[in-house]
Structure formats: C-alpha cells, structure tokens
Amino acid sequence: MLERRSALESSGPPTGRREARPLVIGEVRGFALLQAGAFVGTVAALERAVRSALGVDLPKRMDAPRRANGVCAFKTGPEQFLLVGPEDARSASTEHAGLESSSSPVPLFAEDTRLCKVGPEQVRPAGAQGSWMDALREAVPSAMGSLTPLSHGRTRLFLEGTPAREVLSTGIAMDLHPEVFRCDGYALTGLEDTPVLLHRTGSQRYELYVLRTYAGWIWEWLTDAAQPFGYDVVEKTHVSLLAEADGRI
Amino acid sequence: MLRIHCPLCGERPYTEFRYGGDAGKHRPVHGAGGIEAWHDHLFLFENAKGPHREFWQHVQGCRQWLIAVRDTATNIVADVALARDARGLEPQGPGER
Amino acid sequence: MMRYSLPRLVGHALRDRPWPRAWRKATPRSHYDVVIVGGGGHGLATAYYLAANHGVRRVAVLERSYIGSGNVGRNTTLVRSNYMMNGSTQFFEFSLKLWEGLSQALNFNVMLSQRGQIVLGHSPAQMDGLARRGNTMLLNGIEAELLDRGQVQRLLPYLDYSPAARFPIAGGLLQRRAGTVRHDAVAWGYARAADSLGVDILEGCEVSGFLLDAGGVHGVQTSRGRILADRVALAVAGHSSQLAALAGLRLPIESHLLQAFVTEPIKPFVDHVISFGAELFYLSQSDKGGLVFGGHIDGFNSFTQRGQFPKAQGVAQCALALIPGMSRLKLLRHWAGIQDMTPDGGPFICRTPVRNLYFNGGWCYQGFKATPAVGWCLADTIARDEEHPLVRCYGLERFAQGGASLDEYGHGHWTYRH
Amino acid sequence: MSAGSHRVRAGGRIDRNEPRVFSLDGRRLTGYRGDTLASALLAAGVSVVGRSFKYHRPRGFVTAGVDEPNGLFTLGEGGRAEPNAQGTVVQLTDGLRAASQNAWPSVRFDWGAVNSWIAPVLQAGFYYKTFMGPTRRAWMFYERFIRRAAGLGAARHDPDPDRYDTHYLFTDVLVIGAGPAGLSAALAAGRSGARVLLIEQDGLLGGTLLSDPVTGQTEPWRARLEAELQSLPEVRILRHTTALGVYDGNTAILLTRRDHCAPDPGNGEALQILTSVRAKAVIHSTGATERPLVFPDNDRPGVMMASAVRTYLNRYAVACGRHAVVLTNNDSAYAAAFDLAPQIDRVTVVDVRRALHPALTAKAASLGVEVHAATAVTGVLGRTRVRGVTLTPIDGARSRSAPCDLLCVSGGWSPMVHLSSHGGIRPRYQADSAAFVPGGYAPGHFGAGALTGRFSLGEAVQTGWRAGLRAAAECGFERVSADPPAEPEGVAPWDTANHRIEPVWALGGARAGKAFVDFQNDVTVRDLAIAHQEGYESVEHLKRFTTLGMGTDQGKTSNINALAIMAGLRGIELPEAGTTTFRPPFVPARLGALAGRHVGQHFRPVRRSPLHAWHLGHGAQMIEAGPWLRPWYYRWAGETVERAYLEEMRRVREAVGLSDVSTLGKIDVQGPDAAEFLDRLYVNGFARLPVGKARYGVMLNDAGTILDDGTTTRLAETRYFMTTTTAGAAEVMSWLEFLVQTAWPELRVHVSSVTDEWAGIAVAGPKARAVLERALPGWDVSNEALPHMGCLEIEWDRMPVRLIRLSFSGELAYELYVPADYGTAFWEHLLSSGEPFGIRPYGLEALASLRIEKGHVAGAEVDPRLTLNDLGLGRMARPEKPFIGRELAARPLLDSPERPSLVGLECLEPGQRLRGGAILFAASDELKGHGRGYVTSVTWSPTLGKFIALGFYAGGLRHVGEEIVCAFPLYGERVRARITSPVFLDPKGERLHA
C-alpha cells in the first residue's frame, strides 16, 4: 500500500518553542470523511437510510453534531451533511503493509456499481470489506442523494490548551465565548479567507477541518499566532472519534 | 463591518460571503427570452437607494446563495433568506419588475 | 476675472488687499441654453468648455451641495493615459494633454505633477499584459517604458525585493507623463474660469424633476425653482441612477463605494505613482506629504459614503507588501466616495432616448483623470447634438449591440468586479 | 532653567523610585515611570518642542492628550523610527530616543523660520495663484521645494522589525472611555451580568479624575469602581486601547498599544493589536476636549490648555510655569488656577465674562488668586517662551501688559463626537454649553458623560449609570437592584453642567499678529477671512482651501473655533455653518497594525498541491499562479527557465514526462439531472456522452462570452467529474451553485468541489502508455481499452485511481487522479515505473509551451472579453440546445467576422523572436493605432525550430498563410511572422490517438 502523506509535510518547522507550553497543536490523522447530500424532498429518506446503515441520526440544525457507532454527523447545508468516521478498514489495515503489497486488482463485480465505476473492461470492487462508508453507499441510491468522499480533501487540526481560544480569535470572526460556542458546538466559518469547520471538542480543545491545499499555510499561520504563548506539536495523532467524544465532551 | 445573518449559520461578517449583485430581477427562463430580455436582466439596474434585494453566497460557511434585503443608504440588512426559499421576500409594489 | 500671478500675490500681500470671489454667488435665471446638473469636476469642466469652445455662455451648473463635493474631492488624484482598449487609449491621452495645459488655460494652479506611474507585474503572464498595454500606447503616440525587475529596483529601491515577498516583482510599465493633480483645485479652477465666461454656478440647488414633454426635456424642477433649458446634461456620478430615473431612464450603472486613504504628512518618501500588480492598489505622495492610496471598491452596492474596515485592512496589507517600511506610518483618514460602476468598466458620454437630455456617468475608477476630456467632449456633444468622435463608443446602447469592449482588465460583465 | 526644575516635590501618579532615562535630539534626560514624553520634557523645562508646518514658528505642548497639535516627535531609530508621534501620549520608557521635527538645524534655531518673513504671501491657498509659469512644467520645478518643505517628520524605508496582530472580540456591552461616566456605565452593565468590554486609551482608568489631585476627594471613588470592575468575571478591561472607529454592524475597531511592555517580536509578540469588536450595545463615554481661544500669538510656547496644565500638575507633578495667567470664558479653568495657586509663585485669572459665580471669586480670594473679569488677552509677549500677556478689558478700555511665563487657556469644551458620528449621524449644536453634541445615536448606542454636552462630574456618574443599565437591557440583562455608585465627595459648587460658558471665538484684532485657529497647519484668522472673501465659505471648502483640521490632530482643537469664526464672517448662526464630516480613524493608526500578521509570506493564503514538498525537494523552481505555488521548471533540466523548459519539452515529445495538475479545479457533479445540468451549462452537449468517456467543454457566462473551459468525464449515468482551469475554479464552483440553488432548483443535482480531494498527475509522451502498463500491472490501458478521451476508474493497490486519457500537450497522454494523501507516493511510483523510459517531471513553463505547440487555449486566451468564435470554437456550440449565454452571444457586433480571432503565428526572421503582448499589423499597414490583433502566448518550439505564438487577428483563419508584422515598439522591434493554424503540431492528432 502506498504511503499516505499529510498536507503538513511541506509546512515549515515549528518555531519559538519555550519552556512553558500551555498549548498543544497537532494534526488528527486516521479518519474518513464523507459528504452526503439529499435532494430537495429526499432528506427524510436520507435520514432513514443513514440511520439504518450507521445508526446515526442526522442533525437538524447546524450547531452540534450527532454521533453513534464511531460516526459523527455534521450538518453543513440545508440537505447536506459531513460524516466523519474511522478510516476505511481496508486502508487502515493495509497502511502498515508497505509498498510490496501492491498487486493486481481483484476482479469482483459489485452489487452497486454507481460509485465504483469502472473502465470498459473492469469493475472496482465495492463494499467488499463492509466499512461504514460502503454501508452508506449501499444504503443511499443515486436518486436519493449524493455521496462525495472528502477524506483527503480536508486536513484536521487541533489546538488544546488555555490559549487555544485566543489563538483562534486572531483569525476567526466568531464569538468563541464558552457560553456561546459551547462544548461540542461547531460552525462553518472562515479563517483568514479560507473556509473551515470549527468544532469545539473540549473545554479548551478545538478541531479545525481545513481545505487540504490551504492546510500548510493555515498551520504556519496558527503556529505563528501561537508563538507568544508557547506550544508543542503533536503529530499524526490517531484519535478515535468516539473515545474522544466520551472522554472529553 | 457589515454583518449578514445567514439563515443556517447565524450572523457573520460580510467577509465570509461573496456578493452576487442585484436579485430584484427575474432571470429569464433558460432557453427562452431573446437578446432584449437578457440584456435588460443583465445590464440594466434599478440601483435602488434604499431597500435592495441582492444575492450573497456564504462561501466560507454553508455555501448557500442567499437573498438579502439591505438598505443601500444605511447598510442595514432587513431580511435574509435562502435564495431558493426567498419567494416570501418578493418585492411588492413599485419595486416589482 | 482678476488674473492670478506671483506679482499680484505679492502686491495683495503687501497692501493687504482683498481678493475677489473665485466664482460669483449666482441667482438662477428663468431660462438657460444649457443646464448642467452636477457641480463636480465633470459638470464644471463641461460648462467651461461650452463657454470657451462653443460660445455657449447662457449655461447654469446646478449643484445640490457645494461644488466639488462629490468624487472630484474624494479621489486619489491620479492622472494617466496607459489604456489598452480601443476607445479608451486616445480619449485618456487627450485628457492628459488637456491636463498638461490646464493650469495655464484656467489661470489656476491645479498642480499637475507628472512624477511618473509604474504599474508592477508579478508574473510572466502579467508582464505580457503590460507589454501589450505599453505597445498599444506607443503605437498611439503615448510614451511608455517596459522595465525589468532590475530597472524597477533602481527606480524604486524601497519596494520588497526580498525572498519574503509573497508576490515577487517581475517588472513594470512606466508612463513618465502620468502623475497627480490637486483635486479640489480642478473644481475650483474650472468654476472660476467658467464663471468668468458668464456661467452661473448655482450651489445649494437640488434637482427634483425634469420638465418633459413629447419633444423631450425642456427644463428642470429644482429646490430653487423651475429652470427652463434648451438642453440638459447630467453629470452626477454616484447618483446617476436616481437622477436618470426622474427622466424615466434605467441605466447600466450600479453605485459602489470606493475608499481612499491618506497617511500623516511626512517628508518626501515616494516620488512616483506606484500600482501594485498582485491586487488593485495604487499609491502616491501628495505635495502636503501624506501618502495617498486606494484599492478596489468595497464590493457591494452602497450609498453610505463610509467604507468597510476590512477593506482598509486589505489595503494596508497591500501597502506593506509593496513597501514594508510603510508599516510604521500612520493612517490619518479614510473615506469613501460613491462610484458609478458599469458592466464593462467603461463610461457613458452620450445623448439619451430623451431628446435634449445628455448623459455623462459610469466612470468607475476613471472619472477624475478623465475630467478635462469629459468636459471637452460632453460640451461638444451638447453643442452639436452629436457624440464627439472620441466618445462614440461611450453610448448607453453598447451592451445591447455587443459593441466595443472597454473592459480594460477582462473582468467580465459584473459591475462590481471592475 | 535646569533639568527637572519644574517637577513638583510631591504628589502625582509618577513613581519617583523608577527613573526613566531618555533623550531628545541626543540630549540625555530623566523622567519617571508614569510620565509621558511630554510631562518629562516639561518637567525638564523644555519649552520649544517643534516647529510649525508652514511658518516654522517655535511651538510647545498645548495639551496633555490625543488632541495635541504641536508636540510631535520622531521616536526610535532605524527600522523602528516612527515619525509624528504625539509626545503627550507616548509612555516614557527607558532608552526612549526622541527627535524633534520640521526644523533645521534645530528647533531652537530653525532656518525655516524665514517663512515667517514672507508670511503674508504664504496666505491660504497662495499656491493656487502662482507657480504656473514660465513653462507648462514650471510646477514640477517649484513642487520639489514645496514637497521638501511640507511633511512633518521624516520616515524611513527600512522594514519594520516589530510585529502586529489582529483579534476578533465579541461582547454584550462595549464602553468606550473609562472616565467617570464610563466607569459608572461599565459598572451598571457589569453588575447586570452582561459581558462588558471597557476600553481606555490611557494606561490608567479614570479619565479626567486622573487630573484631580491624587490625594483629593475623587480618588477613593475612582479606585473603588476600578476594583469592583476588576472583580466582575464578565467585565474585561483593555487599557492603552483606543477606539479608531465605529463601523456598520455595531463593530468598533480598537487599537491596543503595548510599547510599554517591550514586546519581543522574535517570540511573536505584537507591539500593537488591532481588535475588531462586535458589540450588542455601545456606550460612548468619550468625554470632551478643551478648546483653545483665538488671539494674536496664541501659539507661543507656554500657552497651554488650562486642563492640560492641571493634568501636568496633579498627575505628573509638573508645574508648567511659575507665574500663570489663566484665560477663560467658563468656570472649568478655575480648577487649574486653584490647584496651581499653592504650588507656584503667582496665579492670575483673566475671565472674559462680566458676572462670575460668587463661590469662585471667594475661593480665588482665599487662595490669593487675582481675578480680572470682563477682560481678554489680546496679545502674547515672548517668542520662544511666553514672557507676558496683553490684557484688554472687554469694554474697550486701555490695554496693559502683565508678565507671566505660562498662559492657561480655556475656551470651553468640545465633546468628542467623532466616534458617534462615524455612522453618519451629524452632530447638533447645543447652545447652552456652546458645543456640538451627538445628533443622535444609532440603535443600541448610548451616550454618557461629557460627550452629551453636560460637563459636571455628577452628571457624568448619573448618565453613565443610566446608559449602562439601558445597554445591558438592550442585551437582555435586566436591571439589577444595587444602587448606583454614590457620587464622589466634595464636588465644587461651580462644577455645573455647562460650566456657565459664554462663547467667544476670537479675541483681539485680526491684524495684530497671527491668531492661530489650527496650530498644526498654521491656519490663522486671517486665512479664514481670505477664504471667506474668495467664496470658499462652505465648511468643506474652508477646510480644503485653508487645510484647516487636516493635520494629524484632525482638527480636534480647531474645528469649532473655525466654524464659529466663519459663521461670524458670513453673518449666519454657528449651527447653520454645519460641521465637517468626522472620518476614522479617531487617532492616526499604524498601517502595520491594520495589516496585522498579513505581511511577507502571510500576505495572502498560499495553496499547495499535495506534491508540493516533493517539488521543493527535487529542484523545482516554484512560481505563483493565483493563490497556488506551482513548479515553474526543474533544475534537472537546466539552471534557468530558458534552458530548462526546452529540455523538459524535449523529454515529453521524445519519451515521457509527468507534471502536477492538482491545481485544476475539480468538481463532482452528481444526481439524476446531472446530464441535463451540464447540457445547460456547457455550449456543447454532455447528456449523450457515454459513461467512461471524457469531453472538452466550454462554458459561457450570461453575457455570452467565455467563462471557463475544461474536461468533464462521465463516471456513471448520474455522475460526472468536471475539471476547470486553475484560475477559474472558485468562480466556476460558485456559479454552478448559483445555478443549482437559484436558477434551476428543480434539477436534482449536486455539485461539490473535490479540488482538494484529488491529486492530479499528467503523464505525457510517446512512452506514456508504457509507463502506465508498468505502473498499473494487470490493468488494460491499451488503445482499445482506453482510447483517447476514454476514462477508467480503477482501484489500484486498494486506492481508487481515475485514469483519463486526454492530452494538453498533443502527445499520447493521461491524467491520473488519486486521493491527495497518496499523491506523492503515487507520483514516486510513476517515476520509478517510468525510469526505464526516461521519465522526468516537467513544470508550468514546459506545460504552457507544449500546449502552444498544440494550439490549446489557456489563461491568456480564456478571456471574458472574447467569444466562442473568437477562440475558433464556434462549431462546438449546439445551437439547437439551449445553453447559458446563447442569447447574448448572438448580439450583432459580437458575431462580426472581422473580430480578432485565434490564429497561430510563426516567426519568419531567424535570430528574431516573437513576444507576448506584441501588436499585429498587416504587412502593408502603417504601424499605428490598435493594430489588427495581438499576441497572447509565445514559445520557442524545439519541435519546429522557431518561435511560434498564439494570438488574435482580425478575420482570423481567413488570413492563414499571410505574412504580417508583430510590432513591439517597447523594444523597438518589428518582426515578420506568418499566420498559421493555431495547431502547429500533429494537426491530425495522430500522436494523441497513438
């Protein structure tokens, strides 16, 4: 299996570390992200489909996510949702296998060819390993809505520590007062002209889902803002969403 | 700083949005309407000094196109709705086109 | 008109003699040959050239506030003629030529300072664009020089040539005759000269309607009474739509705010007019010492005449991207003017569907530098009832026909992107 | 006078145990912690601190705050030099280096003072009347001298070593100004539980209370309120913070100065922080500023505002003179007289009013202060320092002179209406206090204290309390039961709401010396008279003609006097004269603070491809492409772009190359109506595109001109994968959303940007297929299985790969898309798979040159000024199918065959080259005007061995074979070229179909 690389591999080294480091900044790795959208009029059907496939209720409002079975659902539009869950079992299990595992594709014919389109002669195996995403793919037919994988398109950063809120408020024009932006609250907003999903995952912990291609620049921008406070970098933390939810929220 | 209340995301500074211009006009039906209808739609403006229906897209939020009614003389935004739901904001009276 | 000169200035100072009013406090007559609505630079210049070039002296300029209270007093004072699109090149060169003789023509020092403008390019593609512009200028008899990075650095050593620059400087296009003009002096100079030729300047005179019949317009209703006129011209940038609506016209114009900025006065810091290439940003230093700069319009229709602060921040960021040393300079004021924006960034000087009603407007960013040529060409258009050759493509009908594009930078048909 | 001689032995809010050593013009001086630069200089007996703008008259400090017009300095050195800093607000720090300005060789003896001799010539607007000859360019000559003379301090070009930051804050109640009204308001709002942000430009809270004796009766009250405010958890206090402006959306912009903390830029600490505050309610408790009186030579050093003198005495323990005359038209100045009397030799009050409050005269008598009622000061003796004044009784009796070394002046108080006026509400004249007050407040805004034109301490506390309660209620916090704070003890009986002012606007004759209205810009009463004579009488004309109020102090001390004097000249009432518009910022603010951290590489966000790190590590020279950084060329091919791109091209033409195309916009289009949607969008049809096929498409905008182009692939019946240009991606995405959400909500289609999700890699060259065969073993990529414009969506090594056969270069080529995290590894995999075939990466320059050879349009040609026909793509349009832009594309003049349209050009002159931006002429044309067309893209074609170009030429391909002239007068060049088809290479497409 090819090696996955973080968008942050090209960003500059952290600067200005001090002795007292009240802030931890890092990247969360090892998750998968799928955008699901209903068409006008098919939201209820999508909700049912998601509930039956994943056991998650889709949120009705854009303030706090719903979660179950390791999948966390954010509402991101009138009929659009962002589902965050564990990395695809196949990828995860093979991540440590190394490049030698590259082999010919298995010529399986899938039940649902809608997503796993193929060349004229070949078909990509779909739903083979029963990942949560595959379950959803099977549950949501194309007339009900759209499914768009975005696991690679977003980089997930976190800040944790007393100064986290102040660091964020240098670039995010939202009221982050703890009574207003409550624990487990989230918002779609802008960080320095780039769109982000900001999720408060603890009393002093925030996660940012940023566009991958801006991630390096945002990382440098955030660490620059954090410099006066002092911070440590935790890299490639594999955090299970559920554990985190149970432990911190 | 001008602030717009996104019906989905809440109040945000206008810098999170992309301006989309005059929303007071009805777009000609696709494939219908001749040069004149499209010319008037695209190039002629009431340019109201007062309540102005206009498009904004919440590009750094839900990416929804909104229709806001903003007074261009005061910058006070009276109403915002998703563009697709904005039928309730149709202009009444002399402003109607 | 009492002529202005140094000996007279000294004489007045020594003898403590009073100066006459620069322009009379006129009272409206019942009828004029031409009524010009709008006492800004354009309206006053039009009145002057009507009187000076065409002998039409029964002219009134109607200004609802005080003269020069609109955009002529709010802009960043640049004059230049580095235009590429056919339809603009010769018009703005004609304007610059008029600027070059204006102080003498008006006997009023408008302080034309031809310190040269450099438009910077930051990529090979931008340099190609500047080359096309410069070549077009030269082929139209307008001087231009294409500078490489080294030449720019010799001319403007204080720009950011460091590796930290987000958009490195590749070169620039220099027009040496470009520069700045003292903006208020333009309004006052034209007013004084027009007044001396008999033009009535009516301040505090707001137009509330047009006198219309089948034959077209024959006068205006104003806050100082009804004034009859054979011909009426509109030159009310920022309020074009509102005035034209009174005559039943809908225009291809939207009103937007353009902010301008000035720093505290300092000793000479920047000699040229400099335009950043990565974003719309332009800068010069006034004779009083303030750095004067501006950027793009705020981006949404507004008549509030006060800008949004994020725009000020964005402009300050451009300033520092251009000249890092400006960081310690202090912003003294920022203000906003209402600017007519059009779907192609180009203006209108034309007759209208209403007979005897003439329209000038839609100047986008270019109104100030166009002032003398607008006056000249609009006066000619009114006097002959036919568009002056330089402004034939500035008609209101050009969008219906798909006519000459005046879109200098390729921004498309959105008014708010020009 | 020796240094330090003006310091009073005890009292003040300075810390005598903490000396601060600083220098002025190299002279070493000492002050104390708590001093401002001004107070330390006054303590040291420095009276002349600057020279005026025009006449270079010696000037001293006038005020003790942000309204100071004279005491401006250049602080610091090198990259930290800051011109025009107000000495009255600069906190004294150790090692502070100050330099005086606008004087040569020194402020004590300044050559520029010769201007005073020709002052009558330099009257208002003199430059409009002269410098017009002898030649047209004469002004350019004079201007050089004028520019050198103008300006205040000198700025340096050195980059700024300091850092600045920005913050966003939100609060319920914002209280601007922590004087007695602001403290009271903040407490009322804070006790209610509302979130309160109290800002104060001073380092200490208290406002005017800080000018009371520190042992006085108001201090306990001040300290008590400060303590309670600090104890409230939802009250936040920002000191050293000035509100620069109040903007739409209840947004205030604050500037916090941290100079006194000596922030370390090396550790990312900001010198200044700009905060954008969104408040639900705003309380304006900005106070008032004392205004000068206008009389001849009122600008002499030693003429100071009475309140400032009192501040220097009580707060900084500095006695600004030993023998003071206090000139006033109201009661407030008596406080200065009474506080000075015990501390200095002699105090005399000169009051223009006839009737004085008995309590005042009694108190004066008790302190030995002589009071002259109905008397004015009509002249000042002394040049670099006040030596005495001329006193003239109002009733016209004989003048007499009186010695003094300090003249304290009070012309009344001007409320600081700036911030409350920023929203467009004009101030209103309040006659009984002879002041402009806010003409109203925006919804949710409240005024309190002296701002309202009510100047007593009692009313400050009361109005502040009421405003605080109302503001809290506005935010939904109900009134609290606690009582308002008791007023401070010992309020004097003459501390009345309006100070019993009798306005006087100018004293003494206009001819008896210069009576200054605007100190900084040297505007005199005489200048106002000249403006009036010449008709520049409206407020804005007056301001612009005389430059009144346009200095760094923005007319804080001068405006009302000037308005009143002009009103007098015009014979109208003051309110009729109106006011000038108040513009932000309230005080000058550093551009660095506005820019925040958006400097250098942080100026604008950078987008990086998933392969970015690989490029950097493998010799790529990067170049900006909109927000992106892309590889321009690679060093493997050469050290300069001119050499490298040729080598990279050669590799693609002869073997195989790969390039990073991740920057292309990528949009996932899904839904039952996806096909219909694309059919409406593109000029050409996509509904009948078979699954597994790609097609090049062009979009027009509503105006019928070019919007964007790209390749769209049908992955499934209801799913397409669209690519857009790099530059057009954001625009197209928004446009698609606009159409789906507003124009065609009935279509069941979703568009999602997946630009970030996929890394894109182009593999091009005759060996491209061989590379893929090796890289993707087991997958059939033969010409039959994957023909040109075919697509495979495969899973390779458990990773989805989208493999689209299409060519930008004209070679056999593929675009491969893999999930972004795998991009680098897959790129490396392709490189190693292609090793036997000599695969190498190629950059943007080679990419562009390859496409020129093939005649593909790109950036310079995809231009919204152009039409489909202009690009030679008219045949793509399916007129029977409605598409966006169809109607307006048919406008008569857009359809003209004489419009310039796309052609190829080949250079006919060996040794010469074509250049982008050249203007095209027919061989027989005179080279002038706009020509028949222009060149957009040029390259040396290694394949053809000559320079070739794309451009636009009137009549287009009808002229193929004709010889034309490419004019590049900027370099004095004209080069012969031949018009060709834009497709220089392989017109039949044999290579890409191979």
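What counts, and at which threshold
- Within each chain, residues carry numbers counting from 1 in the order of the written sequence.
- Written order determines the labels here, with chains lettered from A and ligands numbered from 1.
- For this predicted model, a pLDDT threshold of at least 70 governs which residues receive local features, and a threshold of 80 or more governs which side-chain atom pairs are given and counted, while totals over whole chains, interfaces and linings are taken from all residues.
- As a rule here, side-chain values come from all non-hydrogen atoms in the structure, and water together with hydrogens is ignored.
- Between two residues, a contact is recorded if the distance between any of their heavy atoms is within 4.5 Å.
- Here's the idea: put two parts together, see how much 1.4 Å probe accessible area each one loses, and the total over both is what we call buried area.
- When a carboxyl oxygen of Asp or Glu lies within 4 Å of a side-chain nitrogen of Lys or Arg, that pair is called a salt bridge.
- Here a polar contact means two N or O atoms within 3.5 Å. Within protein one must be a hydrogen donor candidate and the other an acceptor candidate, and residues neighboring in sequence count only if both atoms are side-chain atoms.
- Helix and strand definitions follow DSSP, with helices as H or I runs of at least four residues and strands as E runs of at least two, each counted in order from the N terminus.
- Side-chain classes follow a simple rule in which Ala, Val, Leu, Ile, Met, Phe, Trp, Tyr, Cys and Pro form the nonpolar group, Asp, Glu, Lys and Arg form the charged group, and the remainder, Gly included, forms the polar group.
- The rule for pairing is simple: two strands pair if DSSP sees at least two bridges between them.
- Bend at a given residue is defined as the angle between two axes, one fitted to the seven residues that end at that position and one fitted to the seven that begin there.
- Classification of residues uses two cut-offs on accessible area relative to the type maximum, computed with a 1.4 Å probe and protein chains only: under 20% is buried, over 50% is exposed, and between them is partly exposed.
- Each domain's limits were defined by an automated method or a database of domain assignments.
- As defined here, a cavity is a set of points on a 1 Å grid over the protein atoms alone where a 1.4 Å probe fits but cannot get out. A pocket is an open set with protein on both sides within 12 Å along at least five of seven lines, and residues line them when an atom is within 4 Å of a point.
- Grid points are joined across faces, edges and corners, and a volume is the space filled by probe spheres set on the points.
- You can read pLDDT as the predictor saying how much it trusts each residue, on a scale of 0 to 100.
- To get an axis, a line is fitted to the C-alpha atoms, and for a helix only the part in contact is used. The angle between two axes follows their N-to-C directions and goes from 0 to 180 degrees.
- Our angle categories are set so that under 35 degrees counts as roughly parallel, over 145 as roughly antiparallel, 65 to 115 as roughly perpendicular, and the remainder as oblique.

Draft legend 1. Inspection of the interface of chain C and chain B at higher detail. In this complex, chain C contributes 28 residues to the contact, which on the side of chain B involves 27 residues. Per-residue buried area on chain C facing chain B is highest for R250(C), F300(C) and F303(C); these three make up 27% of the total on that side. Connecting chain C to chain B are zero salt bridges. Viewed at the interface, chain B and chain C are joined by twelve residue pairs in polar contact (both at pLDDT 80 or more). Looking at the side of chain C that touches chain B, the elements with two or more residues in it are α8 (240-246), β12 (254-263), α9 (309-322) and α11 (398-401) of chain C. Among the elements that take part in the side of chain C that touches chain B, β12(C) stands out by supplying three residues, more than any other. For the side of chain C that touches chain B, a count of residues per class yields ten nonpolar, twelve polar and six charged.

Draft legend 2. Focus on the interface of chain D and chain C. The partner chain C presents 120 residues to the 122 residues of chain D that form the contact. When chain D packs against chain C, the two sides together hide about 10100 Å² of surface, and 56% of this comes from carbon and sulfur. Interface area lost by chain D to chain C is led by R147(D), L591(D) and R865(D), which between them contribute 8%. Our count for the chain D to chain C interface comes out at ten salt bridges. Here D184(C) ties to R544(D) by a salt bridge, and the two come within 2.8 Å at their closest N and O atoms. Where chain D touches chain C, the interface holds 71 residue pairs in polar contact (both at pLDDT 80 or more). Take the side of chain D that touches chain C: its biggest share by element is seven residues, from helix α2 (residues 138-149) of chain D. In terms of residue class, the side of chain D that touches chain C is made up of 59 nonpolar, 35 polar and 28 charged. Examined bridge by bridge, strand β16 (residues 330-341) of chain C and strand β29 (residues 589-590) of chain D share two bridges and lie antiparallel to one another. Looking at β29(D), one finds that L331(C) is bridged to A589(D).

Draft legend 3. View of helix α10 (residues 367-384) of chain C. Residues and elements named next belong to chain C. Approximately 45° is the largest bend angle found in α10, and it occurs at A373. Counting buried positions over the 18 residues of α10 gives 15, a clear majority of the element. At the C-terminal side of α10, D385 shows a positive phi close to 50°.

Draft legend 4. Representation of the domain arrangement of chain D. As assigned here, chain D comprises domain 1 (15-116), domain 2 (164-288 + 415-474), domain 3 (611-662 + 757-850), domain 4 (667-753) and domain 5 (896-994). Measuring from the centre of the C-alpha atoms in domain 2 of chain D to the corresponding centre in domain 3 of chain D gives 61 Å.

Draft legend 5. Fine view of the side chain of E87(A). Along the chain, the position of E87(A) falls in the loop between β5 (80-86) and α2 (89-94). Of the polar contacts made by the side chain of E87(A), one reaches the side chain of R4(A); its length is 2.6 Å.

Draft legend 6. Quick look at empty space enclosed by the protein. Residues and elements named next belong to chain D. On inspection of all chains with the given rule, the structure shows 16 cavities of 30 Å³ or more. Considered as a void within the structure, the second largest cavity measures approximately 190 Å³ in volume. As for the second largest cavity, its lining consists of 17 residues, and the residues nearest its centre are S414, P415, N559, I560 and F582. Of all the secondary structure elements, the ones that give two or more residues to the lining of the second largest cavity are β23 (413-415) and α12 (559-570). Looking at the lining of the second largest cavity element by element, the count peaks at three residues for α12.

Draft legend 7. Region of the structure containing the confidence of the model for chain B. Of all residues in chain B, 89% attain a pLDDT of 70 or more, and the chain-wide mean is 89. Counting contacts from residues 91-97 of chain B, a segment whose pLDDT is below 50, to residues more than four positions away or on other chains yields nine contacts.

Draft legend 8. Geometry of the sheet that holds strand β14 (residues 281-285) of chain C. A sheet is described by the order of its strands in space; here nine strands give the open sequence β5(C)-β6(C)-β4(C)-β13(C)-β14(C)-β15(C)-β12(C)-β16(C)-β29(D), paired in mixed fashion. One side of each edge strand has no neighbouring strand; the edge strands of this open sheet are β5 (145-148) of chain C together with β29 of chain D. The pairing of β12(C) with β16(C) spans ten bridges and is classified as antiparallel. Bridging from a neighbouring strand, L257(C) pairs with I338(C) of β16(C).

Draft legend 9. Spatial organisation of the packing of helix α3 (residues 89-100) of chain C against α10(C). All names here are of chain C. The contact between α3 and α10 brings their axes to 8 Å, and the two run at 95°. The pairing of α3 with α10 is recorded here as roughly perpendicular in orientation. Taking contact as the criterion, the partners of F91, F92, F94, S95, L98 and W99 in α3 are, on α10, F368, K369, A370, T371, P372, A373, V374, W376 and C377. Split into classes, the residues belonging to the contact of α3 with α10 amount to twelve nonpolar, two polar and one charged.

Draft legend 10. Broad picture of the side chain of D184(C). Examined against the element boundaries, D184(C) turns out to sit in helix α7 (residues 183-196). Exposure remark for D184(C): the relative accessible area of 3% places this residue in the buried category. A polar side-chain atom of D184(C) sits 2.8 Å from a polar atom in the side chain of R544(D). Discounting chain neighbours no more than four positions away, the residues touching D184(C) are V72(C), G73(C) and R544(D).

Draft legend 11. Representation of the arrangement of the chains. Contacts between protein chains span five pairs of chains, and they are most numerous for chains C and D. Left apart from each other, chain A and chain C have a closest C-alpha approach of 11 Å.

Draft legend 12. Up close: unusual backbone geometry. A cis amide bond, omega 0°, links W104(D) with the succeeding residue P105(D). Of note, P105(D) is situated in the loop between β7 (97-100) and α2. Following P584(D), the chain continues to P585(D) via a peptide bond in cis, the omega torsion being 0°. Mapping P585(D) onto the fold places it in the loop between α13 (574-577) and β29. For N69(A), which is not glycine, the phi torsion reads 50° and is therefore positive. Structurally, N69(A) can be placed in the loop between β3 (66-68) and β4 (71-77). For N69(A), a relative accessible area of 60% puts it in the exposed group.

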